[in-house]
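Now for the letters of each chain:
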Amino acid sequence: MSTAETTEPRGGVGQTRRSGTGLTVGVAGLWLSIIVLLPLAAIAVQSFDDGPAGFWDAIVAKPALQSLSITVLVSLVVAIINVLFGTLIAWVLVRDDFPGKGFVNAIIDLPFALPTIVASLVLLSLYGPDSPIDIHLSATQPALIIALTFVTLPFVVRQVQPVLMELDHSVEEAASVLGASNRVIWTKIVLPALLPSILTGAGLAFTRAIGEFGSVVLIGGNIPGKTQVSSQYIQQQIEVDEPVNAAAVSVALLVIAFVVLFVLRVVSRIQTRREGAES
């Protein structure tokens, strides 16, 4: 009798947990569909309003291709800069102590809190025609790189920082005692452990950069074929009542972002499994 009583409540608890889990997954899926999937589906459908031929013509139009090429090129440069300096900043914040470290650590997240158009205004004041430091970069691709680097600064730093904090120093110390140089310690021990987080941060920085608008709207100049990025081209097409062209380029950006994130995730998983096998 007691066994049956014990079994029944356990079954009831298990069923409640399964029901609760199913409800939670359903709510999460519904919310994700409303916020992400439905808008993406809507823009994809709109991009094919003129059929597949119209979609293709919108993508391969010279102004569209120019804006996409500029966007991808500049975003790649921004991602590389973030990998180099973001990793360096994360290393300094974790491994070094210096006056004002807390302040530096706090301002890393400032680009997330600051409206991006404010960043564009500040950069225009600093590097525009009336530059107080006599550096004139307005309406140039270097200005785009600076603006996009500013708004994507936190991604690599915040991805690498916690991994560095959890990294076991004893392995590095043992390697140093055995005579390994700093270069060998970095390339053979530290970098492999950081690589998945570095790649994730680089992917996030790249995908954020290709869709950025506010930070480049003033400093970039919006010159077709020179500094017009895809987000500005999309706005231009909407203003001239060409929503299909705008939707088609938007879908192209989505595909690029998805492919980049997917490839980086696969590479990160392979790297993580390799490290697990070696350990």
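Below, the structure is looked at part by part. (Residues numbered from 1 in each chain as written. Predicted model: local features only at pLDDT ≥ 70, side-chain atom pairs only at ≥ 80, totals over all residues. Heavy atoms only, no water.)

1. Points about the overall build of the protein chain
Reasoning step 1: Across its full length, the protein chain carries 11 helices and 0 strands.
Reasoning step 2: Helices and strands appear in the protein chain in the N-to-C order α-α-α-α-α-α-α-α-α-α-α.
Reasoning step 3: Against the globule reference of 19 Å for 279 residues, the protein chain gives a C-alpha radius of gyration of 24 Å, more extended than a compact globule.
Reasoning step 4: Counting every position in the protein chain, which comprises 279 residues, the buried fraction comes to 33%.
Reasoning step 5: The contacts in the protein chain between residues at least 6 apart in sequence include a share of 75% that link residues at least 24 apart.
Reasoning step 6: Roughly 16100 Å² of accessible area belongs to the protein chain as shown, and the carbon and sulfur atoms make up 68% of that amount. (Helix = DSSP H or I, 4+ residues; strand = E, 2+ residues; numbered from the N terminus. Rg over C-alpha atoms; globule rule 2.2 N^0.38 Å. Buried < 20%, exposed > 50% of the residue type's maximum accessible area, 1.4 Å probe, protein only. Contact = heavy atoms within 4.5 Å. Areas by Shrake-Rupley, 256 points an atom, 1.4 Å probe, with all protein chains shown as cover.)

2. Here we look at helix α10 (residues 230–239)
Reasoning step 1: The complete set of buried residues in α10 reads S230, S231, Q232, Y233, I234 and Q237.
Reasoning step 2: Once α10 ends, the next one or two residues include D241, with phi positive near 65 degrees.

3. So, a negative patch on the surface
Reasoning step 1: Taken together, the side chains of D49, D50, D241 and E242 present a region of like negative charge at the surface.
Reasoning step 2: Looking at the element boundaries, D49 is found in the loop between α1 (2–47) and α2 (51–60). (Patch = residues over 30% accessible without salt bridge, like charges linked within 9 Å, V, L, I, M, F, W, Y side chains within 5 Å. Salt bridge = Lys/Arg side-chain N within 4 Å of Asp/Glu carboxyl O. Lys, Arg positive; Asp, Glu negative; His and termini not counted. Charge placed at Lys NZ, Arg CZ, Asp CG, Glu CD.)

4. Notes on the packing of helix α3 (residues 62–95) against helix α7 (residues 141–166)
If you want to describe how two helices pack, look at the angle between their axes and the distance between the axes.
Reasoning step 1: Where α3 meets α7, the closest approach of the two axes is 6 Å, and the angle between their N-to-C directions is 40 degrees. Taken as axis vectors, α3 and α7 run oblique relative to one another. Here α3 and α7 pass one another in a crossing that is right-handed.
Reasoning step 2: For the contact of α3 with α7, the residue count by class is 21 nonpolar, 7 polar and 1 charged. (Axes fitted to C-alpha atoms, helices over the stretch in contact; angles between N-to-C directions. Parallel < 35°, antiparallel > 145°, perpendicular 65-115°, else oblique. Left-handed = near helix turned anticlockwise from the far one by under 90°. Nonpolar A, V, L, I, M, F, W, Y, C, P; charged D, E, K, R; others polar.)

5. What to know about the pattern of salt bridges
Reasoning step 1: One pass over the full model with this rule turns up 3 salt bridges.
Reasoning step 2: Among the salt bridges present, the one from R158 reaches D109, with a minimum N-O distance of 3.0 Å. Taken together, the positions of R158 in helix α7 and D109 in the loop between α4 (101–107) and α5 (110–113) put the pair 49 residues apart, joining distant regions of the chain.
Reasoning step 3: Accessibility expressed as a relative area gives 23% for R158, which makes it partly exposed.
Reasoning step 4: Taking relative accessible area as the criterion, D109 reaches 32% and is therefore assigned partly exposed.
Reasoning step 5: The shortest N-O distance in the salt bridge between E212 and R208 comes to 3.0 Å.

6. Some points on a nonpolar patch on the surface
Reasoning step 1: A surface patch of nonpolar side chains, amounting to about 940 Å² of accessible area, comprises L30, W31, L32, I34, I35, V36, L37, L38, L40 and L254.
Reasoning step 2: Ranked by the residues each element gives to the nonpolar patch, the list is headed by α1, at 9 residues.
Reasoning step 3: Within the secondary structure, V36 sits in helix α1.

7. Things to note about unusual backbone geometry
Reasoning step 1: Of note in the backbone geometry, D134 takes a positive phi value of approximately 60 degrees without being a glycine.
Reasoning step 2: The residue D134 is located in the loop between α6 (116–127) and α7 in this model.
Reasoning step 3: Given the relative accessible area of 59%, D134 is considered exposed.
Reasoning step 4: The backbone phi angle of D241 is positive, close to 65 degrees, even though this residue is not glycine.
Reasoning step 5: The exposure class of D241 is exposed, given its relative accessible area of 61%.

8. Here's the deal with the packing of aromatic side chains
Reasoning step 1: Applying the stated criterion across every chain, the model contains 4 aromatic pairs.
Reasoning step 2: When the centroid spacing of 5.5 Å and the interplanar angle of 85 degrees are considered together, the rings of W91 and W186 count as edge-to-face. With a gap of 95 residues between them, W91 in helix α3 and W186 in helix α9 (residues 182–210) connect regions that are remote in the sequence.
Reasoning step 3: Considering the side-chain rings of F258 and F262, the 6.2 Å spacing of their centres and the 15 degrees angle between planes classify their relative orientation as stacked. Linking F258 with F262, this pair stays in helix α11 (residues 243–278), spanning 4 residues, or about one helical turn. (Phe/Tyr/Trp six-rings, centres within 6.5 Å; stacked < 30°, edge-to-face > 60°.)

9. What to know about the environment of V92
Reasoning step 1: Its location among the elements puts V92 in helix α3.
Reasoning step 2: Looking at V92, the relative accessible area reads 25%, which means it is partly exposed.
Reasoning step 3: Here the alpha-carbon distance between V92 and I210, two residues 118 residues apart in the chain, equals 28 Å.

10. Section: the packing of α6 against α7
Reasoning step 1: Contact pair α6 / α7: the axes reach a minimum separation of 10 Å and the direction vectors enclose 140 degrees. Taken together, the axis directions place α6 and α7 in an arrangement best described as oblique. As α6 runs across α7, the sense of the crossing is right-handed. Contact residues: T116, A119, L123 and Y127 in α6; I146, A147, F150 and V151 in α7.
Reasoning step 2: Classifying every residue of the contact of α6 with α7 by side-chain character gives 7 nonpolar, 1 polar and no charged.

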